[in-house]
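One-letter residues, chain by chain:
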Amino acid sequence: MLDANRLRVLVEIAHAGSIAAAAERLSFTPPALSQQLTKLEREVGCRLVERGRTGAVLTGAGRVLLEHGERVLGELREAETAVRAFAGAAPERLSLGAFASAGKVLLPATLAAFGHEHPQVRLSLSDIEPPGGYDLVTSGELDLLLTHRYPSVPLPRAGGLHRERVLVDPLMVVAPTGHPITDRAPSLADLAGEEWICGAPGIHNRISLDTAAADAGVRLGVAYETRDYEVALALIEAGVGVALIPLSILGPARRGGWVSRPLRDAHLAREIYAVHRRRPPDPVPAMVTILRGVAARALEPQGGDG
């Protein structure tokens, strides 16, 4: 039978990307960690990791074992939590991963309300950009993940996990004050001559924009590449470019210098999801309940348009 501690070594190497980084996370020396990996490879009878100067890459066999190893570690952590709960021990921690704009729009109110109701629980937060983080939930390193999906971008596999959509967040056209979209909702064809602000090729919002433009039969020119919506809004306020920005971002954004309208010919929205294990430990369900309430209010008007 495989040693669970050695499985954890493989999982940590995969998550950290190198033997040195995994050793630091596990409080090992790199040679000691390499020795544990060698023993695991001897147990399974094949190479699991290719070691190189730029890091460690799992082999095909390593990826197969990783998928099982993440589930095993998650089950062990779940078992420990269940026994502690049975013995009357209150939950002490909750680890959360979220992408950047969720951290601004959803998390402040969610974490404040949760902290008021569960002051004994120590919270931790990690920045995780989609589609990452699913493996960390599977292995139990994260209790809850906030992630998103943009139009035309497939959702990752969520085997063994529960994924709940908490918000449908419309993408709005945002332009400088005085732009013609002030008077009417534009089509993508109306905006074909504009300088666009969007993420680089391969970034989720860029995939959505390019796909919508292709579906509409128009070519759009992205002049300014950034995935940061704060940067996009600052450029627009300065009179530079137009962008598609989630409505939830616009609510708390400072007013003045921009105007927003929905697209007339395409109904685009990003979807925000909460992901956790199918049998989440307390107090994850309480956190998700609060998150649902905050998400339900995220699109409410917060003053007039700019």
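Rules used in this analysis
- Within each chain, residues carry numbers counting from 1 in the order of the written sequence.
- Restriction of local features to residues with pLDDT of at least 70 applies here, the model being predicted, together with a cutoff of 80 or more for giving and counting side-chain atom pairs; totals for whole chains, interfaces and linings are based on all residues.
- Remark: hydrogens and water are excluded; side-chain values derive from all non-hydrogen atoms of the structure.
- Helix and strand assignments follow DSSP, with helices taken as H or I runs no shorter than four residues and strands as E runs no shorter than two, numbered in order from the N terminus.
- The axes are straight lines fitted to the C-alpha atoms, using for helices just the contacting stretch, and the angles between their N-to-C directions are given from 0 to 180°.
- When an angle is under 35 degrees it counts as roughly parallel; over 145 it counts as roughly antiparallel; between 65 and 115 it counts as roughly perpendicular; any other value is oblique.
- Whether two residues are in contact is decided by their heavy atoms, any of which lying within 4.5 Å being enough.
- Remark: exposure states derive from per-residue accessible area (1.4 Å probe, protein chains only) relative to the maximum for the residue type, with buried under 20%, exposed over 50%, and partly exposed in between.
- In this scheme, strands are said to pair when DSSP sees at least two bridges between them.
- Helix span, as expected, comes to 1.5 Å for every residue beyond the first.
- Note on terminology: a nonpolar core comprises buried Ala, Val, Leu, Ile, Met, Phe, Trp, Tyr and Cys residues joined through side-chain atoms within 4.5 Å.
- For a crossing to be left-handed, the near helix must be turned anticlockwise from the far one by less than a right angle; the clockwise case is right-handed.
- All amino acids are sorted into three groups, where Ala, Val, Leu, Ile, Met, Phe, Trp, Tyr, Cys and Pro are nonpolar, Asp, Glu, Lys and Arg are charged, and the leftover types, Gly among them, are polar.
- Think of a salt bridge as a Lys or Arg side-chain nitrogen and an Asp or Glu carboxyl oxygen that are within 4 Å of each other.

A.B. asks: Quick question: what am I supposed to make of the environment of Trp258 here?
C.D. replies: Here Trp258 is to be found in strand β10 (residues 258-262). Each C-alpha atom, one on Trp258 and one on Pro108, is 25 Å from the other, the two residues being 150 residues apart in sequence.

A.B. asks: I'm lost on the packing of helix α2 (residues 19-26) against helix α3 (residues 30-44) in this one. Help?
C.D. replies: It is the contact of α2 with α3, at a shortest axis distance of 9 Å, that shows an interaxial angle of 100°. As far as their axial angle goes, α3 and α2 are roughly perpendicular. Here α2 contributes Ile19, Ala20, Ala22, Ala23 and Leu26 to the contact with α3, which in turn contributes Pro30, Leu33, Ser34 and Leu37.

A.B. asks: Is there a simple way to think about the pairing of strand β11 (residues 269-277) in this case?
C.D. replies: On a regular strand, each side chain points to the face opposite its neighbour's, so the side chains alternate between the two faces of the sheet. With nine of its nine residues buried, β11 lies for the most part within the structure. Taken together, the five bridges between strand β5 (residues 144-149) and β11 define a ladder with antiparallel strand orientation. Residue pairing in the sheet places His148 in a bridge with Ile272 of β11. Where strand β6 (residues 161-176) and β11 come together, nine bridges link them in antiparallel fashion. Looking at the pairing, Leu161 lines up with Arg277 of β11.

A.B. asks: Could you clarify how one ought to interpret helix α8 (residues 204-216) in this entry?
C.D. replies: Along an α-helix, a turn takes 3.6 residues, which lines up residues three or four apart on a common side. Look at α8: 19 Å from first C-alpha to last across 13 residues, which is about the 18 Å you get at 1.5 Å a residue. Taken as a whole, α8 has its buried residues at His204, Asn205, Arg206, Ser208, Leu209, Ala212 and Ala213. On its buried side, α8 packs onto β5, β7 (195-198), β8 (221-225), α9 (229-237) and β9 (243-246). A positive backbone phi angle near 75° is found at Gly217, which sits one or two residues after α8.

A.B. asks: In this structure, what is going on with the nonpolar core? I would like to understand it.
C.D. replies: A general feature of soluble globular proteins is that nonpolar side chains tend to end up buried together. Judged by nonpolar contacts, the single largest core of 59 residues is most densely connected at Leu106, Leu146, Trp196, Leu233, Leu244, Ile245 and Leu263. Those residues in contact with Leu106 that lie beyond four places of it in its chain are Ile272, Leu291, Val294, Ala295 and Ala298. Core analysis: the next-biggest nonpolar cluster, separate from the first, contains 19 residues, Ala22, Leu40, Leu48 and Leu66 among them.

A.B. asks: Any chance you could explain the packing of helix α1 (residues 4-16) against α2 here in plain terms?
C.D. replies: Packing of α1 against α2 leaves a shortest axis separation of 8 Å and a crossing angle of 120°. As the angle between them shows, α1 and α2 are arranged oblique. Here α1 and α2 pass one another in a crossing that is right-handed. In contact with Arg8, Val9, Glu12, Ile13, His15 and Ala16 of α1, α2 contributes Ile19, Ala21, Ala22, Arg25 and Leu26. Taken together, the residues that form the contact of α1 with α2 break down as seven nonpolar, one polar and three charged.

A.B. asks: Mind showing me how you'd approach unusual backbone geometry here?
C.D. replies: Among all residues save glycine, negative phi is the norm, and among peptide bonds the norm is trans. Cis rather than trans, the peptide bond between Pro130 and Pro131 has omega equal to 10°. Position of Pro131 among the secondary structure elements: in the loop between β4 (122-127) and α7 (134-139). In this structure, Ser27 is a non-glycine residue whose phi angle is positive, near 60°. With respect to the secondary-structure elements, Ser27 resides in the loop between α2 and α3.

A.B. asks: Explanation requested: the side chain of Glu41 in the structure shown.
C.D. replies: With respect to the helices, strands and loops of the structure, Glu41 is situated in helix α3. Beyond its immediate stretch of four places on either side in the chain, Glu41 contacts Cys46, Arg47, Leu48, Val49 and Arg51.

A.B. asks: How should the pairing of β6 be read in this particular structure?
C.D. replies: In this sheet, β9 lies alongside β6 in antiparallel orientation, the contact comprising four bridges. Residue Met172 lies in a different strand from β9, and its bridge partner there is Ile245. Bridging between β6 and β10 involves five bridges; their strand directions are antiparallel. Within β10, the position partnered with Met172 by the bridge is Pro262.

A.B. asks: Help me understand the pattern of salt bridges, please; the structure alone is not making it clear to me.
C.D. replies: A side chain with one charge may pair with a side chain of the opposite charge, provided their charged atoms come close. Enumeration over the complete set of coordinates arrives at 21 salt bridges. Residue Glu75 is joined to Arg277 by a salt bridge in which the shortest nitrogen-to-oxygen separation is 3.3 Å. Taken together, the positions of Glu75 in helix α4 (residues 60-86) and Arg277 in strand β11 put the pair 202 residues apart, joining distant regions of the chain. Through salt bridges with shared partners, a single ionic network connects Arg8, Glu12, Arg25 and Glu141.

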